[in-house]
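Coordinate analysis (summary)
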Amino acid sequence: MRNLVNLFWKYQFTLLFLLLEFVAFALIVQYNKVHKARFLNMSSAVAGSVYQATNNITDYFTLKRINRELARENAKLRTMSKDVFIKYRGELVSIDDTLYKQQYKYLGAKVVNSTTNRRNNILILDRGRNQGVEPESGIICANGIVGVIKDVSANYCSAISVLHKNTRISASIKKNNYYGILKWDGKDPQYATLADIPKHVPLALGDQLITRGSSAIFPAGIGIGTIAMFEAIPGSNFYYVKVKLSTDFRNLSYVYVIKNLLKEEQLELEATFEDD
Amino acid sequence: MISPVLHNVLRFFFLIVLQVLILNNINLGGFINPYLYVLFILMLPMETPGWLVLLSAFFLGLGIDVFMQTLGIHVAASVFMAYCRQYVLRLLSPREGYDFGLQPSIRDMGFVWYLSFAGILILLHHCLLFFVEVFRFSEFFSTMGRVMLSAFFTLLLVVLSQFLAYKKSQ
């Protein structure tokens, strides 16, 4: 211990210089937007490539499970394709002339790193600006919603997961369309809370929650979870609803980033609300 | 006479005010900015302990940054310059070392000595300043050009100020 103190004392000038210079750089990166952005870009590129390299090795341990899940999802998607349906009543032919305009595009991505044991959990995905990812895009997986993209660098992006204190996702109850805001209280990674459900709404355990589609981030109808518990909050007109999330955040691997092609149009229209 | 400490403190504030109110508006050719405030570090007495030079450079840079809304950039450059000051002094010291009470000025140390002392330190300071401001190495030569030109003008102003500051006690 004394040797360490002696060392500090001997090099005090240089050490003080390094300390002050470090403080100066911390100030620069914190308070200047250009420097902050470039620093975050560089550091996320470095971190992303390190995670990618370790993932190349650890992936082999989960191959079997991933394959099984992908096969199951393939089966589910095949059943939803149009060829599977037969014409039931042949004599009445209604010609559906609606032109389908593609609103959502899905981009497959792999989760390179994720956390679930903190108050604010984030994910790093291996797609970035070069693959067309934009900030504020939603992320879903085969089971449900995952999170929202926050920062994007050239080949990686970081996202806040549903398990984050800033999560606010508009969720509606499938059977009766009443909607509320999904938040996470930081306690259990399998459960989230739904706020703003008034007491007159009929709820039952196991009711399914889906996204409302009111933000431009998630399309409507994506599964979120089921109601695990609800009780009236004393002294207010609302329920406290606990939701079991259908996504298991602890073994996320393949996810889809949602690109909303009509996002700007919807956001512009919504902005007219705030003006009055 | 006023004590050297008070003298330096007054110089500290005077140079910050001079820099932000007047000199920041001098923008020759659109990209040359003289930074005269580094004169404070140059004029600190030689016996000032190293840590004091570093700390006062830190606060000097901070003072400038607060006015220029570029928090941290001038701090980084000034602290670096203060660090190098000790080594430059040792490098340029005359054979018997510096006498006590000697001031780093043209009057005490001679024109050539002062030119090299101030020149090296100003160049280092401006280098760090401009490169950190741009935060990349891709436009190396144009940034280096700005460094050289601004350093030249700052050096010019510093030498001029030397004649102004020490004329009275001649």
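Residues numbered from 1 in each chain as written. Chains lettered and ligands numbered in written order. Predicted model: local features only at pLDDT ≥ 70, side-chain atom pairs only at ≥ 80, totals over all residues. Heavy atoms only, no water.

A look at the interface of chain B and chain A
Listed by partner, the interface residues are 25 residues for chain B and 16 residues for chain A. For the chain B and chain A pair, buried surface summed over both sides reaches about 1,800 Å², with 77% attributable to carbon and sulfur atoms. Where chain B meets chain A, there are 0 salt bridges. For the pair chain B and chain A, the number of links is 4 residue pairs in polar contact (both at pLDDT 80 or more). Broken down by secondary-structure element, the contributors of at least two residues to the side of chain B that touches chain A are helix H3 (50-68), helix H4 (73-91) and helix H6 (111-134) of chain B. Here the side of chain B that touches chain A is composed, by residue class, of 18 nonpolar, 5 polar and 2 charged. (Contact = heavy atoms within 4.5 Å. Buried area = accessible area lost by both parts, 1.4 Å probe. Salt bridge = Lys/Arg side-chain N within 4 Å of Asp/Glu carboxyl O. Polar contact = N/O pair within 3.5 Å; in protein donor to acceptor, adjacent residues only side chain to side chain. Helix = DSSP H or I, 4+ residues; strand = E, 2+ residues; numbered from the N terminus. Nonpolar A, V, L, I, M, F, W, Y, C, P; charged D, E, K, R; others polar.)

Overview of the sheet that holds strand S9 (residues 208-211) of chain A
All names here are of chain A. Read around the closed barrel, the 6 strands follow the order S6-S7-S8-S11-S10-S9; overall the barrel is antiparallel. Along the sheet, successive strands turn relative to each other by an average axial angle of 40 degrees, direction set aside. With 3 bridges connecting them, S9 and strand S10 (residues 223-232) associate as antiparallel partners. Bridge pairing in S10 places Ile210 opposite Gly223. (Pairing = 2+ DSSP bridges. Axes fitted to C-alpha atoms, helices over the stretch in contact; angles between N-to-C directions.)

Concerning the layout of surface pockets
Residue and element names in this part refer to chain A. Here the second largest pocket defines a volume of roughly 450 Å³. Lining the second largest pocket are 21 residues, and of these Lys76, Met80, Ile140, Cys141 and Ala142 lie nearest its centre. For the lining of the second largest pocket, the elements supplying multiple residues, two or more each, are helix H4 (63-80), S9 and S10. A breakdown of the residues in the lining of the second largest pocket according to their chemical character gives 10 nonpolar, 8 polar and 3 charged. (1 Å grid on protein atoms, 1.4 Å probe; cavity = no way out; pocket = protein on both sides within 12 Å on 5 of 7 lines; lining within 4 Å. Points joined across faces, edges and corners; volume = space filled by probe spheres on them.)

Considerations on empty space enclosed by the protein
All names here are of chain A. Here the structure, examined in full by the defined rule, presents 1 cavity of 30 Å³ or more. Put simply, the largest cavity is a space of about 40 Å³. What lines the largest cavity is Ile169, Ser170, Thr211, Arg212, Gly213, Ser214, Ser215 and Phe218. For the lining of the largest cavity, a count of residues per class yields 2 nonpolar, 5 polar and 1 charged.

What about unusual backbone geometry?
All names here are of chain A. Despite not being glycine, Asn177 has its phi angle at roughly 70 degrees, a positive value. For Asn177, the location among the structural elements is in the loop between strand S6 (169-173) and strand S7 (179-183). For Asn177, a relative accessible area of 56% gives the class exposed. Residue Asp196 is not a glycine yet carries a positive backbone phi of 70 degrees. Mapped onto the secondary structure, Asp196 falls in strand S8 (residues 191-198). Among the residues examined, Asp196 registers a relative accessible area of 42% and is labelled partly exposed. (Buried < 20%, exposed > 50% of the residue type's maximum accessible area, 1.4 Å probe, protein only.)

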